[in-house]
Number of protein chains: 2
Amino acid sequence: MEAGEQAIPVWLRERRTGVGRPAERSRAEVTAAAIALADREGLAAVSMRRVAAQLGTGAASLYRYVAARDDLLDLMADEVAAGYDLPAPGGPWLTGLLEVGRQGRVLMLRHRWLPELVLTRPALGPHGVDLLEHVLAVLAEHPADTTRKMEAFAVMNTLTAALALNELSITSGTRHRQGAYLAHAVAAGRHSHLAAALTGASLMPATPAERFEDTLARILTGLLGAA
Amino acid sequence: MEAGEQAIPVWLRERRTGVGRPAERSRAEVTAAAIALADREGLAAVSMRRVAAQLGTGAASLYRYVAARDDLLDLMADEVAAGYDLPAPGGPWLTGLLEVGRQGRVLMLRHRWLPELVLTRPALGPHGVDLLEHVLAVLAEHPADTTRKMEAFAVMNTLTAALALNELSITSGTRHRQGAYLAHAVAAGRHSHLAAALTGASLMPATPAERFEDTLARILTGLLGAA
DNA sequence: CATCGTTCGCGAACAGTGTTCCCAAAGGTG
DNA sequence: CACCTTTGGGAACACTGTTCGCGAACGATG
């Protein structure tokens with residue numbers, strides 16, 4: 001409708017060359033400042049004014065590097081995806097995919113704002129495309145059709161983000177807010193299975209990393225077939 | 001830290017009885033207005049002022065029913081979860097879970113703002129707890145331990161939301177924004193598997209509903225074991 | 001070296017946002 | 001009829017994303 005040229009993603013909107021006053025900063029610099037701010041104070045703190053302040057400039061200047069705040073968020077997510085350090089494809093596809101998941105989890109725990117971004121705005125930038133290419137390479141010998149492989153990629157990203165978000169909600173106090181009502185509901189009776197489940201031995205034997213890997217492995221084999 | 005009593009979720013914060021001037025509206029009424037607004041204009045349109053306007057009151061009045069906007073969002077999500085109409089547990093657990101997934105998908109397609117809420121703020125209200133109880137009942141005979149059953153519930157919710165979000169992004173034009181850069185990356189060479197995947201016959205034989213069900217079935221059997 | 005075309009930096013302003021304060025009004029209860 | 005508690009909500013505060021328009025800075029051109 002009203003989005004004429006704006007349908008073009010950030011990464012394709014390159015700045016013109018040579019002519020005119022040269023920019024004092026780069027898109028990468030702005031992105032880095034935003035990431036640093038988000039790491040320190042969370043996604044909500046990433047406002048145009050605060051990012052600009054972090055760079056020592058005015059808020060309006062950022063619009064020379066980015067068309068809107070959402071573009072900045074896309075840039076942040078894709079920039080973190082540059083942190084994957086993936087081995088050359090080869091060996092069983094499941095181990096290859098698990099390695100991707102493992103690293104994704106670490107990146108998301110390191111940047112606590114990433115899961116929310118991955119879940120709500122799954123945009124593919126240059127590094128995201130590289131990651132997809134890697135996954136497809138790992139699955140090159142796999143007999144599944146293209147659609148299913150793409151689906152596996154999406155499911156892996158989504159699930160990694162969701163599980164990471166869950167882990168993070170345990171660390172920060174966010175988790176107790178949910179348990180509060182749950183406990184109340186159980187105490188009120190009328191939820192027999194739930195009550196039984198919560199009173200049952202809630203043993204957590206494995207480390208979070210192990211649990212994550214186990215879950216991801218089960219789901220990927222379910223989606224793509226056994227080893 | 002600074003959240004003393006505010007750690008209590010909305011559903012436990014009931015209003016006092018009898019004494020004082022009676023409220024002109026109910027929490028359910030406010031929630032319904034917010035849902036109607038979101039259905040019509042999206043989640044971003046759900047501001048305190050606009051919800052209040054929809055009810056013909058002032059914005060500040062809403063804080064008599066809700067402690068913050070986030071509470072309102074939680075109420076909206078849980079209210080929609082009242083829309084599940086689930087058969088009594090019985091029969092194979094997989095068919096029971098698939099029915100839950102099917103209905104969840106329909107609810108999310110009907111309320112296009114729900115997936116985002118489910119993904120980023122997975123809070124359990126009364127109806128959410130009822131749903132969890134139902135899932136545990138369906139899985140009552142299943143040998144898996146409690147933690148895994150809870151995990152299956154979470155994975156089901158997350159995945160349903162993510163897949164619904166994906167479906168919705170195809171309907172609205174949002175999808176092309178992603179494909180734009182993907183096409184560019186492929187055209188630039190250097191992504192052989194991706195290029196092969198995209199040029200391959202992209203046949204979409206099944207309906208979205210069928211694809212959704214197939215994916216969910218595969219993942220649930222992967223997580224919980226074969227039928 | 002001056003001019004020109006273009007781009008950059010960014011203060012100011014606009015239209016919103018969530019939330020808090022405070023006070024007037026309303027209603028049951030004693 | 002007071003009293004006490006609670007509701008309704010205008011006004012204000014501290015922000016937000018974004019646009020406008022200007023002056024200044026630069027590379028290329030004459």
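Values in this document were obtained by computation on a predicted structure and should not be read as measured data.

A. Focus on the relation of the copies chain A and chain B. Of the two same-sequence chains, chain A is brought onto chain B (RMSD 0.0 Å, axial shift 0.0 Å) by a rotation of 180 degrees. Overall, the copies show the geometry of a two-fold rotation axis. For chain A, the minimum C-alpha distance to the rotation axis belongs to Gly222 of chain A and amounts to 1.9 Å. Interface overlap between copies: 100% of the residues of chain A at the interface are likewise at the interface in chain B, consistent with a symmetric, same-surface contact.

B. A look at the protein's contact with DNA strand C. Neighbouring residues of DNA strand C: 28 residues in total, closest Arg21, Glu24 and Arg64 of chain A together with Arg49 and Arg69 of chain B. Each atom of DNA strand C within 4 Å of the protein was assigned to sugar, phosphate or base; sugar and phosphate come to 51%. Tyr65 of chain A has a polar side-chain atom sitting 3.0 Å from a phosphate oxygen of DNA strand C. In the model, a base nitrogen of DNA strand C is placed 3.3 Å from a nitrogen or oxygen of the Arg21 of chain B side chain. Top element by residues in the surface near DNA strand C is helix H2 (residues 48-55) of chain B. It accounts for three residues. When its residues are assigned to classes, the surface near DNA strand C shows eleven nonpolar, five polar and twelve charged.

C. View of the confidence of the model for chain A. Of the residues in chain A, 95% have a pLDDT of 70 or more, and the chain-wide mean is 92. Confidence drops under a pLDDT of 50 for residues 1-5 of chain A, and excluding neighbours within four residues, the segment shows zero contacts in the predicted structure.

D. Quick peek at the domain arrangement of chain A. Residue and element names in this part refer to chain A. Split by domain assignment, chain A resolves into domain 1 (5-80) and domain 2 (86-224). Once you take the C-alpha centre of each, domain 1 and domain 2 turn out to be 29 Å apart. At the interface, 13 residues of domain 1 touch 14 residues of domain 2. Overall, the association of domain 1 and domain 2 removes approximately 1,200 Å² of surface from exposure, summing both partners, and the carbon and sulfur fraction of that is 65%. The largest per-residue losses of area from domain 1 upon contact with domain 2 belong to Leu43, Asp78 and Val80, which jointly make up 43% of the total buried on that side.

E. Fine view of the side chain of Asp78 of chain B. Residues and elements named next belong to chain B. On the secondary structure map, Asp78 appears in helix H3 (residues 69-80). Comment: no salt bridge for buried Asp78; closest opposite-charge side chain is Arg27, at 10 Å. A polar contact of 2.9 Å, which involves the side chain of Asp78, links it to the backbone nitrogen of Gly128. In contact with Asp78, other than residues within four places in its own chain, are Trp11, Gly125, Pro126, His127 and Gly128.

F. Structural detail: the interface of chain A and chain B. Contact residues are listed per partner, giving 51 residues for chain A and 51 residues for chain B. Roughly 4,600 Å² is buried in total at the junction of chain A and chain B, and carbon and sulfur atoms are behind 66% of that figure. Counting across the chain A and chain B interface gives four salt bridges. Glu151 of chain B is the partner of Arg211 of chain A in a salt bridge, and the nearest nitrogen-oxygen pair spans 3.5 Å. The interface formed by chain A and chain B contains 15 residue pairs in polar contact (both at pLDDT 80 or more). Broken down by secondary-structure element, the contributors of at least two residues to the side of chain A that touches chain B are helix H5 (114-120), helix H6 (126-138), helix H7 (146-171), helix H8 (174-187), helix H9 (192-199) and helix H10 (208-224) of chain A. The element best represented in the side of chain A that touches chain B is H7 of chain A, accounting for ten residues. In terms of residue class, the side of chain A that touches chain B is built from 29 nonpolar, 13 polar and nine charged.

Calculation criteria
Throughout, residues of each chain are indexed from 1 in the direction in which the sequence is written. To label them, take the chains in the order written and letter them from A, then take the ligands in the order written and number them from 1. The model is predicted, so local features are restricted to residues of pLDDT at least 70 and side-chain atom pairs to those at 80 or more, both for listing and for counting; the totals for chains, interfaces and linings are taken over all residues. Computation of side-chain values covers all heavy atoms of the structure but excludes hydrogens and water. Residues reaching a pLDDT of at least 70 in both copies supply the C-alpha atoms on which the copies are superposed by least squares. A contact between two residues is defined here by any heavy atoms of the two lying within 4.5 Å. Whether a residue is near a molecule or strand depends on its heavy atoms: if one lies within 4 Å, it is near. Here a polar contact is recorded for every N or O atom pair within 3.5 Å, except that within protein the pair must consist of a potential hydrogen donor and a potential acceptor, and residues adjacent in sequence are included only if both atoms are side-chain atoms. Secondary structure elements follow DSSP: runs of H or I no shorter than four residues count as helices, runs of E no shorter than two count as strands, and numbering proceeds from the N terminus. Classification convention: Asp, Glu, Lys, Arg as charged; Ala, Val, Leu, Ile, Met, Phe, Trp, Tyr, Cys, Pro as nonpolar; all other residues, Gly among them, as polar. You can read pLDDT as the predictor saying how much it trusts each residue, on a scale of 0 to 100. Source of the domain bounds: an automatic or database domain assignment. Two parts placed together each lose some accessible area under a 1.4 Å probe, and the buried area is that loss summed for both. Throughout, exposure labels follow a simple rule: accessible area from a 1.4 Å probe, protein chains only, divided by the maximum for the residue type, with under 20% read as buried, over 50% as exposed, and the rest as partly exposed. By the counting rule applied here, Lys and Arg register as positive and Asp and Glu as negative, while His and the ends of each chain are not counted. A pairing counts as a salt bridge when a side-chain nitrogen of Lys or Arg comes within 4 Å of a carboxyl oxygen of Asp or Glu.

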